[in-house]
Amino acid sequence: MDAKNRPGVIRLLIYMLAAAGMTGGFAGWIQSSDAVLWTASLNLPDWTPTGIVPVILSIVINQMIAISLWVTQRSDTGAIRFVAAALQIGLVIGLALKVCITFGGQDIKAAFLTSLGLWVYAVLALAVVGRCSRPAGWLLWPLFAWLTFSVILSFEVLRLNDASSFVGGL
């Protein structure tokens, strides 16, 4: 891609505004729905992040995905650039679905399976994006760390709240 046709700063700002809007919208929806009461009724491990911490982490991670998408689109790697960009958009959609399934469905088994599926998808996306653009790949590592933590937390919540689960009541 020549320098004239590369996405500029305006596109980056649009991506960042969209990411912030999505994160704020979901945070507001969770706080205004009965998801807060459902979460409070669960047995949670002591190390569960509470309060504003998950919201701040979500804002930062979504901003990093937006910047990573912009960096990917500015790279000179040919067709893999489009695949990497599509995978990054898929990550954003996956994060939105994870929130909807976890807090909208209020099902801890589905929340765990969604977290695990998104983690596997993130491994694929990280590999492709990292091959397309190393800086864009590095920007996705905090997301991967958060998703790893999310899978562990979801498993622990499942273990503490559902003795009849497929994990054998460990």
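You'll find the structure just up there.
Residues numbered from 1 in each chain as written. Predicted model: local features only at pLDDT ≥ 70, side-chain atom pairs only at ≥ 80, totals over all residues. Heavy atoms only, no water.

Colleague: Looking at this model, I keep getting lost on the nonpolar core. Mind explaining?
Modeller: A general feature of soluble globular proteins is that nonpolar side chains tend to end up buried together. Counting 26 residues, the largest nonpolar core has Ile65, Leu91, Leu95, Leu140, Leu143 and Leu147 as the members making the most contacts within it. Per element, the largest residue contribution to this core is 7 residues, and it comes from helix H5 (residues 108-132). The residues contacting Leu95, other than those within four sequence positions of it, are Asn62, Ile65, Leu118, Leu143 and Leu147. Counting 8 residues, the second largest nonpolar core, distinct from the first, contains Ile108, Phe112, Val151 and Leu153. (Core = buried A, V, L, I, M, F, W, Y, C linked by side-chain atoms within 4.5 Å. Buried < 20%, exposed > 50% of the residue type's maximum accessible area, 1.4 Å probe, protein only. Helix = DSSP H or I, 4+ residues; strand = E, 2+ residues; numbered from the N terminus. Contact = heavy atoms within 4.5 Å.)

Colleague: Even after reading the chapter, I still don't get a nonpolar patch on the surface, so can you show me in this structure?
Modeller: Residues Ile52, Val53, Ile56, Leu57 and Val60 make up a contiguous nonpolar surface patch of about 400 Å² in total accessible area. When you line up the elements, Leu57 lands in helix H3 (residues 53-73). (Patch = residues over 30% accessible without salt bridge, like charges linked within 9 Å, V, L, I, M, F, W, Y side chains within 5 Å. Areas by Shrake-Rupley, 256 points an atom, 1.4 Å probe, with all protein chains shown as cover. Salt bridge = Lys/Arg side-chain N within 4 Å of Asp/Glu carboxyl O.)

Colleague: What am I meant to see in the side chain of Thr23 here?
Modeller: Within the secondary structure layout, Thr23 lies in helix H1 (residues 9-32). Polar contacts involving the side chain of Thr23 include one to the side chain of Asn62, which spans 2.7 Å. When residues no more than four places from it in sequence are discounted, the contact partners of Thr23 are Val55, Ser58, Ile59 and Asn62. (Polar contact = N/O pair within 3.5 Å; in protein donor to acceptor, adjacent residues only side chain to side chain.)

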